[in-house]
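Now for the letters of each chain:
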Amino acid sequence: MSSGDGVSVAQKPAKRLTSAVIRFAGDSGDGMQMAGTQFTDTSALFGNDVATLPDFPAEIRAPAGTVAGVSGFQINFASEDIHTPGDRVNALIAMNPAALKAHIVDVEPGGLVIVNETEFTKVNLKKAKYAEGYNPLDDEVLNSSYQLLRVPISRLNSEALAETGLGAKDAGRCRNMYALGIVYWLYGRPLETTVTFIENYFTKKKKRPEVAEANIKALKAGYYFGETAEIFSTRYAIDKAEIAPGVYRKVTGNDALAMGLIAASELSGKDLVYCSYPITPASTILHALSAQKQFGVKTFQAEDEIAACCAAIGASYAGQIGVTGTSGPGLALKGEAMGLAVITELPLIVVNVQRGGPSTGLPTKTEQADLLQAMYGRNSDSPVVVLAPSSPGDCFEIGIEAARIAMQHMTPVVILTDGYLANGAEPWAIPDVEKLEPIELPEAGDASSFEPYARDEKGVRPWASPGMAGFEHRIGGLEKEHVTGNVSYDPENHQLMTLLRQQKIDKVAEQVPAIEPYGDADAELLVLGWGGPCGSIYTAVERARERGLKVAGAHLRYLNPMPMNLGEVLKRFPRVLIPEINMGQLRSMLRAKFLVDARGLNKVQGRPFLVEEISMAIDRMLDGTWGDAEALMPRNGELVLPRPWTN
Amino acid sequence: MISQNTPLAVLKPKDFASDQDVRWCPGCGDYAILKQTQKVLANLGSRRENTVFVAGIGCSSRFPYYMGTYGFHTIHGRGAAVATGVKIANPELDVWLVTGDGDGLSIGGNHLMHALRRNVGLNIMLFNNRIYGLTKGQYSPTSEQGKKTPSTPMGSIDPPLSPLSIAVAAEASFVARSVDVDKSLTDVLETAAKHPGTSLVEIYQDCNVFNHEAFAYATGRRGFEKEDHVLRLEAGQPMIFGKDRDKGIRLTDLKPEVVQLGDGVSEADLLVHDPSDHCLAFLLSRLRHPEFPEPVGVIYAAEKPRYEELVAGQVAEARERRPDANLRDLLHAGETFTVEA
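Everything quoted here is computed from the prediction, not taken from an experiment.

Criteria and thresholds
- Within each chain, residue numbers correspond to sequence positions counted from 1 in written order.
- Here the convention is simple: chains get letters from A, ligands get numbers from 1, in the order in which they are written.
- Local features are withheld for residues below a pLDDT of 70 in this predicted model, meaning they are given only at 70 or higher, and side-chain atom pairs are given and counted only at 80 or more; totals for whole chains, interfaces and linings count all residues.
- The side-chain numbers reported here are obtained from all heavy atoms of the structure, hydrogens and water having been left aside.
- When DSSP finds at least two bridges between two strands, those strands are taken to pair.
- Helix and strand definitions follow DSSP, with helices as H or I runs of at least four residues and strands as E runs of at least two, each counted in order from the N terminus.
- Axis lines are fitted to C-alpha atoms, over the contacting stretch for helices. Their N-to-C directions set the angle, which ranges from 0 to 180 degrees.
- Only Phe, Tyr and Trp rings take part, Trp by its six-membered ring, and two of them pair if their centres are within 6.5 Å. Stacked means planes under 30 degrees apart, edge-to-face means over 60, and tilted covers everything else.
- For every residue, the accessible area obtained with a 1.4 Å probe (protein chains only) is divided by the maximum for its type, and the residue is called buried under 20%, exposed over 50%, and partly exposed between those limits.
- Definition used for salt bridges: Asp or Glu carboxyl oxygen within 4 Å of a side-chain nitrogen of Lys or Arg.
- Throughout, the edges of the domains are those of an automatic or database domain assignment.
- Residue contacts are counted whenever heavy atoms from the two residues lie within 4.5 Å of one another.
- Buried area adds together the accessible area that both of two parts lose upon being put together, with accessible area traced by a 1.4 Å probe.
- Pairs of N or O atoms within 3.5 Å make up the polar contacts considered here, provided that, within protein, one atom can donate a hydrogen while the other can accept it, and that residues adjacent in sequence are counted only when both atoms are side-chain atoms.
- For this classification, Asp, Glu, Lys and Arg are treated as charged, while Ala, Val, Leu, Ile, Met, Phe, Trp, Tyr, Cys and Pro are nonpolar and the rest, including Gly, are polar.
- Confidence of the predictor in every single residue is expressed as pLDDT, which spans 0 to 100.
- UniProt positions are given in the numbering used here, feature names are shortened, and annotations may be inferred rather than shown by experiment.

## Here's the deal with the sheet that holds strand β3 (residues 94-100) of chain B
Pairing is mixed in the open sheet, where 9 strands are placed in the order β18(A)-β2(B)-β1(B)-β3(B)-β4(B)-β6(B)-β5(B)-β11(B)-β7(B). Each edge of the open sheet is held by one strand with a lone partner, namely β18 (474-476) of chain A together with β7 (230-232) of chain B. Strand after strand, the sheet turns through a mean of 20 degrees between neighbouring axes, direction not considered. In the sheet, strand β1 (residues 51-55) of chain B pairs with strand β2 (residues 70-73) of chain B via 4 bridges, with the strands oriented parallel. Bridge assignment links Val-54 of chain B to a residue of β2 of chain B, and that residue is Phe-72 of chain B.

Shown next, in the form of C-alpha cells:
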C-alpha cells in the first residue's frame, strides 16, 4: 500500500474491519477538530461511509490541561452503510491526561488508547485532577483493560521539526498533525487530502508557507513513526463502502442547509435575505451564506435576535425570501415577531439549530427540546409549519422545502435542526441541479380586484409587495378583517380568522408525503423518531431485525402539519417507542392528538443516542419488562425511570 | 430617499390618505403631522406604490393605516428593524418609520441606535409627547423627572433622555427637530426626505389627553411667546431668536449662553449654524427649555454611505468577481468523489 505521497510503506498485517470508531481528544487549543475533520475528509474521499460527532467546550479556551477544556472529535467510518457516529470508541487518541480522563469511559474494552506520553507530567496530571502521585499510564487495571500505547507525541514532533527553524510554539502546534499521521498509518489512509488542505490553508490563505511545510513534515513523521516503531502489532483496513452510485461530497448539516437555502433562492427567483445574530451552533450558517453573495444572497448581522427576525419579515414583506437563523434561546426572543408573521401571513423561514437548555444551557451540545416552543411558544393561537431534517445531508432538502412551503402558503416555517446534525458530517450524494423542481410563487392577481386577505382554495392570501402599483395596502399586528385586511375588533371575525389561519396550516398536509415506515410491516413495535436521533433509530431497528425481532421504524420530517396517514400508521403497530433528546415532547403531542400509548426513551445529556441505548429500549418494549412507565432514560448503560434518578 | 420615478400624474395630498377613519383623540397633535406628511409626499412627487410607512406600537404608530401608500404596523419598538429588512430587500423603496418616544426610545432604543449608525435609508419621524398615551398616561423615557402619572404617583425618578443627543451620538447622518403645529414642519420633513441615508426628525407632539401642552413654550400656548423659546436654525446664519430677534446664542469658554443683542454684543459674536459640524450638533442637542431656547430645524446633516447600498454593492462585487457562479458548482465545491455503478 502506498500513502500516495511518495512514502513507501512495507506491508504489515492488516486486519479487515467493516467499521471503526476513533476519537481524537485533546486540549481545546490542540487542533483536535481540525485533525478529526481531516480524517473525515480523507475517509470520505477514500470511499468509506462516515458519520462524525464533534464535541467541544463552550469556552473558547478553558484553562489548558483541565478536563473542562477537553475538545473531542469522533468519527465512525465504514465499508457499510452507517447512520451514526458510533457507540463505543475503538481507538482513542488522547493528547493529554485530561483528555484521557474525560474520554476513556467511552472506549470499548480492549480498545486502542494512544496517549501523548510527553504530556503526562506531574503538572498536567494535577491539572487533570488525578490523585497526587498517581499516573494512569502505570495503572494495572487500565493497562489490562485497554491496549494502552504510550507515544511521546509532543517530543517526537518537536524533534521532527527541529531543523525547520520554526519557533517552539509554532512547532508545538503541529503535534495534532503528528498524531493524525500515526492514525493515518494505522488505518491505511492516504495523506494527499490533508497535504492539499495544509497547503491551501497555511500557504495560500494564511501566507505562511513555513508553517505549511512544518505541518506536512509532522504529518509524515507521524506516519513514518507508525511504520518504524515496533509498538503497533496490527494495522486496520476498512474497505470502500458499497454506497449508491453518484457524485458525493462531505457535508455538515449547516453547510447543507446553507446550500439548500441558496438553491431555494435560485429555484424561486427570489433573493435570499438571511438575517441573524451570532449564536452557537447556528453561526456557521451565517458564515456560509455570507461567503456566497454572488448568488444574490444578502446577509444581515443584526443587533439582536429580535431585529434579525423582524428584518427577515421586512425582507419578505418587500418581496424577497426572509430567513432568520438561531438556536434555542434566540428562538424565544423571536417569538413575538414570529406572531407578527403569522397574523400578517407573510413567508418567513426560521432556522433553529437546537442546543441544550433551558436558558444558555449547554451551548455547544445537542438537544431537541424546542419542539413545543416551535409549536406553541407564541402568544395566542399562532400556528406555523414545523419541519425537521433527519440527517446532515437532509438539511439541503429541508432548506428548499421550507422555502417552498413558506412562499406557497404565506406562512412562517420553522426548521428544527440540532447541534448534532449541524456539526455532524456525512457523505452526501450531490443532487442533480436539473432535477430540482422550480418553486412556483403565488400570484397577487389583478390590482382592480385585489383584497389583501382574500384567500385561494388553499386558504392562502395573495403576496403583493411594495413597488407594485395598484396593490397599496396596510398590514400589521392588529386583527385583520376577513378579505379586506382592515383592522377589526369584531368578535366573530376574530374567531373566523383564528380558524382560517389554522386551516391554512392544516391544508399544507395535502402536500406532505405520507410517512413510510421501514422494517417489518407486521412489526410488534414501531420506533418513531425525528431529527438527530433518526440515524441511531434506523441502525437500532436494523440490528433488532438482524436478531430476528419484528420491528419497524419511521422518520417524521413534517412535525406540523403531520403526514395525513400518521394516525393510521401509529395505530397499525401494537407498540410505539419514541426516542427523543428531550423529556418527551413529540410523545406528548402524539398521545394528545392520536390517543396512542406511545412510550418514550428520553436522553438529555447533550449527546446523541447510542445505538445500544435504543436497542435496549426495543428489547424491553418487546420482552415485556418495560412495565408501566411512560418513559425511561439511559443511564450508565441501563435504562432507568427518570423520577428516582438522584445523585 | 425619494422615489426616482417620474410622476405619471401629479398626486395631491389627499391622494396619500387611505379610506380608513382616523381614530386619534380629537385635538391630538398627530392630525397636524399626518396632514403635513401627506403634503410633503405630494410636494416631493412621491408615488404611492413606492412609498412604505412602517411603524411600531403606540398612538403615533397607527399612522400607516391612515396613509394611502403601503403600510406595515409592526410590533412594539421593532419598526426600525422591520424597515431595515425592507430597505435591504428593496433599496428602491421610499421607507418612512413612524415611532414615538416610548416605542423608539424605550423598547426600541436598541434598534433605533443601530438603524442610525448603519445609515439605513429611512425617514424616521419620532413623535415625542413625553408620555405613554396608548397605555393611558404612564411616564415615558422623555418625561421630566418628578412627573406624576398612574405608575409614578410620587413622581418619576427616571431622568429623561434627549432623543437628539442620542441620535447625534449614534452617528446619525441627519438630525432635525420640529413641532406638530409649527409651520417649519413641512420644510423639515421635506429636507429629511431628500436626505440620502437615515434622517431622524424629532417632532414635539401634543397629547392633549394625558400630557396636554407639555410643549406650550414651543407652541405659544399658556401665554408663552414661542419665538422666545425656540431657536430657528439656518445654515450659515447666526443663532438669533426672540419675537423681536434681539437675543442670540454665544459660546464662551466652550459653553453656550443666551445673550441680549446690543449693549456691546453684536451678531458677529454669535454662534453660526453649521449643520456639518458634529460637535456643534451635540451642543445644540443639549439646549433645553427653560434655560435655553430649543433648536428647531436641521441640526446636523452629513453624507455617509447608505447601508442598503453597501449591502447591494457587495452582492454586485461578488457577482463581478464570480460571474459564472452557478448552483451546480456550488454543490460540487470542495473535494468530491464518484461512486461508480
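## Considering the packing of aromatic side chains
Inspection of the entire model under this criterion finds 26 aromatic pairs over all chains. For the pair Phe-300 of chain A and Tyr-307 of chain B, a centre-to-centre distance of 5.9 Å together with 75 degrees between the ring planes defines the contact as edge-to-face. With Phe-300 of chain A in strand β11 (residues 298-301) and Tyr-307 of chain B in helix α9 (residues 307-321), the pair connects residues from two separate chains. Here Phe-300 of chain A matches Tyr-307 of chain B in class, with each residue buried.

## A closer look at the pattern of salt bridges
All names here are of chain A. With the rule as written, the count across this model stands at 45 salt bridges over all chains. Here Asp-619 and Arg-547 are joined by a salt bridge, their closest N and O atoms 3.1 Å apart. Within this pair, whereas Asp-619 is found in helix α21 (residues 611-623), its partner Arg-547 is found in the loop between α18 (534-546) and β21 (551-555), the two being separated by 72 residues in sequence. Arg-547 gets classed as partly exposed once you look at its relative accessible area, which sits at 47%.

## Side note on the domain arrangement of chain A
Residues and elements named next belong to chain A. Domain assignment breaks chain A into domain 1 (14-238), domain 2 (250-435), domain 3 (447-511) and domain 4 (518-623). Using only C-alpha atoms to locate each centre, domain 2 and domain 4 end up separated by 26 Å. Between domain 2 and domain 4, the contact holds 28 residues from the first and 23 residues from the second. Ionic pairing is found between Arg-557 and Asp-394, a salt bridge with its closest N-O pair at 2.7 Å.

## Brief notes about the interface of chain B and chain A
Counting residues at the interface gives 58 residues for chain B, matched by 67 residues for chain A. Both faces combined, the contact of chain B with chain A buries some 5,200 Å², and carbon together with sulfur accounts for 65% of it. In terms of surface lost to chain A, no three residues of chain B exceed Tyr-70, Leu-331 and Phe-337 of chain B, which account for 16% of the buried area on that side. Our count for the contact surface shared by chain B and chain A stands at 1 salt bridge. Between Glu-303 of chain A and Arg-118 of chain B there is a salt bridge; the shortest N-O distance is 2.8 Å. Between the two partners, chain B and chain A, sit 23 residue pairs in polar contact (both at pLDDT 80 or more). Among the elements of the structure, β2, α2 (79-89), α4 (109-118), α9, α10 (327-331) and β12 (336-339) of chain B are those that each provide at least two residues to the side of chain B that touches chain A. A total of 7 residues in the side of chain B that touches chain A trace back to one element, the largest contributor, which is α2 of chain B. Its residues assigned to classes, the side of chain B that touches chain A shows 26 nonpolar, 20 polar and 12 charged. Pairing between strand β9 (residues 246-252) of chain A and β12 of chain B: 4 bridges, direction antiparallel. Each bridged residue has a counterpart across the sheet, and for Val-247 of chain A the counterpart in β12 of chain B is Thr-338 of chain B.

## Comments concerning the confidence of the model for chain A
Summarising the model, chain A shows a mean pLDDT of 94, and 98% of its residues fall at 70 or more. Overall, residues 1-9 of chain A carries pLDDT values under 50, and its contacts beyond four positions in sequence, including any with other chains, amount to 19 contacts.

## Observations concerning the UniProt feature "domain: Thiamine pyrophosphate enzyme TPP-binding" (unreviewed entry) in chain B
Under the UniProt annotation, the feature "domain: Thiamine pyrophosphate enzyme TPP-binding" (unreviewed entry) is placed at residues 57-203 of chain B. Here residues 57-203 of chain B is 31% helix and 20% strand, with 17 Å between the C-alpha atoms at its ends.

## Description of the UniProt feature "domain: Pyruvate/ketoisovalerate oxidoreductase catalytic" (unreviewed entry) in chain A
Within this structure's numbering, the places UniProt gives as "domain: Pyruvate/ketoisovalerate oxidoreductase catalytic" (unreviewed entry) are residues 29-223 of chain A. Secondary structure content for residues 29-223 of chain A is 45% helix and 19% strand, while the C-alpha to C-alpha distance between its ends is 22 Å.

## Details of the environment of Lys-148 of chain B
Residues and elements named next belong to chain B. Structurally, the position occupied by Lys-148 is in the loop between β4 (122-128) and α5 (163-169). For Lys-148 and Gly-223, which are 75 residues apart along the polypeptide, the C-alpha to C-alpha distance reads 23 Å. Ignoring any residue separated from it by four or fewer positions in sequence, one finds Lys-148 in contact with Pro-153, Met-154 and Gly-155.

## Focus: the sheet that holds strand β6 (residues 107-116) of chain A
All names here are of chain A. With mixed pairing, 6 strands are arranged side by side in an open sheet as β3-β4-β2-β5-β6-β7. The sheet terminates laterally at β3 (49-55) and β7 (147-151), the two strands that pair on one side only. The mean inter-strand angle of the sheet, taken between neighbouring strand axes irrespective of direction, is 15 degrees. Summarising the sheet, strand β2 (residues 19-27) and strand β5 (residues 89-94) pair through 4 bridges and their orientation is parallel. Along β5, the bridge assignment pairs Arg-23 with Leu-92.

## Side note on the pairing of β1 of chain B
Residue and element names in this part refer to chain B. A large share of β1 lies buried, amounting to 5 of its 5 residues. Neither face of β1 is exposed, since Thr-51, Phe-53 and Ala-55 on one face and Val-52 and Val-54 on the opposite face are all buried. In this structure, β1 lies alongside β3, joined through 5 bridges in parallel fashion. Residue pairing for β3: Thr-51 is matched across the bridge by Asp-94.

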